[in-house]
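Each chain is listed here by its residues.
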Amino acid sequence: MTDETDAIDGRHTRRRFLALGGAAGVAGLAGCSAERTGDGGSGDSGGSDGDGESDGGNGNGDDGDDGSEDGENGEEDETPTLTVATYGAFIDAPSVSPGEWLKEEFESRVDAELEWATPDNEVNYYVERAASGASIDADLYVGLTAEDLVRIDEAVDDDLFAPAGEIEGSDAVRDGLRFDPFERAVPFDTGYVSLVYDGTETEAPETFEGLLAEDHRGDLIAQNPGGSSTGRAFMLHTVARFGDGEDGDVDGGDGDPDYDYLDYWAELQENDVRVLGSWDDAYTSWSEGEAPIVVSYSTDQVFADMEGEDLQEHQIRFLNDQAYATPEGMAVFADADEPDLAREFMSFMLEPAVQGEIAQRNVAFPATDTAELPDDYADLAQEPDEPVTFTYDQLQGSLDGWITAWERQYAGN
């Protein structure tokens, strides 16, 4: 790990653009049900009330005084509790979500109880607890992104998560989706942030520059990158497209070196873009007809089809034939009470049938190439010709600065 760490540290200052590349079959993140916010108050993480160990009797076959009906060794086994932390929409989205199905299916196979923990400010809650020396009270986190890991590693001195180790099924994770150079987080789904537009009201532009046209004045609703994972992904796509003012355009195009993502956003503001706080705020406003185009996910037609809506009103546009890829991962907390059970759950999450259920219930693409999906799923869930994203080492040392600069400029205009 030391050699690998040194090698990665040596790459932290690079800003290479990574194209995940087109892959056969299906692969991308949640649509409307998977929005994750970046702030909020602390919440109750729940707690693991079982340690998987026996506690009755004395282990020598003598009868105890507790009145329990013990096994041959006079002990009564406890049912262990696996506490899995995640973002709220993974459990209780208004439409569909995978949490309840996963709990029932896992408990039907394993002699254990699964409890979900959904603190208000998501993984930041555990970062704050770790920084203050408090216990974590969870075994596993489901829903990590590369951006999360960068912020965690910059904020916490000790390891918040343990290496994943050998996870059955992880060899089926699609090429290009792994985002943790320290091999803690294992991807379980992925997605593409794109434009969704009402085709009965407008025809979305084909390029980023097209959004600046007078014909699209006031047409776009986006999200604040400081508090919304969807908004952050869209902002990062503009950094990839136009550069950050230091290296020119990151994707290797022929853009103006004196023009960067902040300049692009200034022009979006001049063209009356609306930036709301969360995906839910933006999507609701779009659904109510306040503007015909919204930043969302390329799986939107999966959700629309479930709801019996007109797919013409849920069209997908990949600007410049690209979309920002946002794989989600799961990782075991370093101080987990049930690390073995947590890894068993991670393997369960990668099973072909479970991958298919997660994708459909989280309105997402699976992370593996073995997922079992309906035949028409690929017709509704669309992939770009060029998925793009930033790597962990590209984001480290840059992410917060990009967001801060965006917030400063946006608030000042």
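Predicted model, so just to flag it, every value in this text is computed and none were measured. (Residues numbered from 1 in each chain as written. Predicted model: local features only at pLDDT ≥ 70, side-chain atom pairs only at ≥ 80, totals over all residues. Heavy atoms only, no water.)

Draft legend 1. Spatial organisation of the overall build of the chain. Scanning the chain from terminus to terminus reveals 14 helices and 14 strands. Burial status across the chain gives 54% buried among its 413 residues. Within the chain, contacts between residues separated by at least 24 positions form 79% of all contacts whose residues are at least 6 apart in sequence. For the chain, the exposed area adds up to about 17,300 Å²; of that, 39% sits on carbon and sulfur atoms. (Helix = DSSP H or I, 4+ residues; strand = E, 2+ residues; numbered from the N terminus. Buried < 20%, exposed > 50% of the residue type's maximum accessible area, 1.4 Å probe, protein only. Contact = heavy atoms within 4.5 Å. Areas by Shrake-Rupley, 256 points an atom, 1.4 Å probe, with all protein chains shown as cover.)

Draft legend 2. Region of the structure containing the packing of aromatic side chains. What the rule picks out here adds up to 25 aromatic pairs. Ring pairs connect the aromatic residues Phe208, Phe234, Phe242, Tyr259, Tyr264, Trp265, Trp406 and Tyr410, which therefore count as one cluster. (Phe/Tyr/Trp six-rings, centres within 6.5 Å; stacked < 30°, edge-to-face > 60°.)

Draft legend 3. A look at the nonpolar core. Core analysis: the biggest nonpolar cluster contains 115 residues, and Phe161, Phe345 and Met349 have the highest contact counts within it. In terms of residues, this core owes the most to one element, helix α6 (residues 229-242), which gives 7 residues. For methionine 349, the residues in contact, after removing those within four places along its chain, are Phe90, Leu102, Val142, Phe188, Met330, Val354, Gln355 and Ile358. (Core = buried A, V, L, I, M, F, W, Y, C linked by side-chain atoms within 4.5 Å.)

Draft legend 4. Looking closely at the pattern of salt bridges. Going through the model one piece at a time under the given rule, you end up with 13 salt bridges. Arginine 274 serves as the salt-bridge partner of glutamate 290, at 2.7 Å between the closest nitrogen and oxygen. Within this pair, whereas glutamate 290 is found in the loop between α8 (279-287) and β9 (293-297), its partner arginine 274 is found in strand β8 (residues 274-276), the two being separated by 16 residues in sequence. (Salt bridge = Lys/Arg side-chain N within 4 Å of Asp/Glu carboxyl O.)

Draft legend 5. Summary view of the sheet that holds strand β4 (residues 140-144). Judged by pairing direction, the sheet is mixed, and its 6 strands sit side by side in the order β3-β2-β4-β12-β5-β13 without closing on themselves. This sheet does not close on itself; its edge strands, each paired only once, are β3 (113-117) and β13 (365-366). As judged from the 3 bridges shared by strand β2 (residues 81-86) and β4, these two strands associate in the parallel manner. Bridge assignment links alanine 85 to a residue of β4, and that residue is tyrosine 141. (Pairing = 2+ DSSP bridges.)

Draft legend 6. Broad picture of the confidence of the model for the chain. Averaged over every residue, the pLDDT of the chain is 84; residues scoring 70 or more account for 79%. Confidence drops under pLDDT 50 across residues 1-34; counting only partners more than four residues distant or on other chains, this segment forms 107 contacts. Considering only residues more than four positions removed or in separate chains, one finds that residues 39-72, a stretch of pLDDT under 50, has 61 contacts. (pLDDT = per-residue confidence, 0-100.)

Draft legend 7. A look at the pairing of β3. The buried count for β3 comes to 4 of 5 residues, which makes it a mostly enclosed element. One ladder, built from 5 bridges, connects β2 with β3; its direction is parallel. Among the inter-strand pairings, valine 84 is bridged to a residue of β3, identified as tryptophan 116.

Draft legend 8. Representation of unusual backbone geometry in the model. Phi is positive for glutamate 122, which is not a glycine, with a value near 55°. Despite not being glycine, aspartate 272 has its phi angle at roughly 65°, a positive value. Secondary-structure assignment places aspartate 272 in the loop between α7 (261-270) and β8.

Draft legend 9. Structural view of the side chain of arginine 317. Along the polypeptide, arginine 317 turns up in strand β10 (residues 315-317). Classification of arginine 317 as buried rests on a relative accessible area of 14%. A distance of 2.7 Å separates a polar atom in the side chain of arginine 317 from a polar atom in the side chain of glutamate 203. Within polar-contact distance, the side chain of arginine 317 engages the backbone oxygen of proline 205 at 3.2 Å. Setting aside anything within four residues of it in sequence, one finds arginine 317 in contact with Ser194, Leu195, Tyr197, Glu203, Ala204, Pro205 and Glu206. (Polar contact = N/O pair within 3.5 Å; in protein donor to acceptor, adjacent residues only side chain to side chain.)

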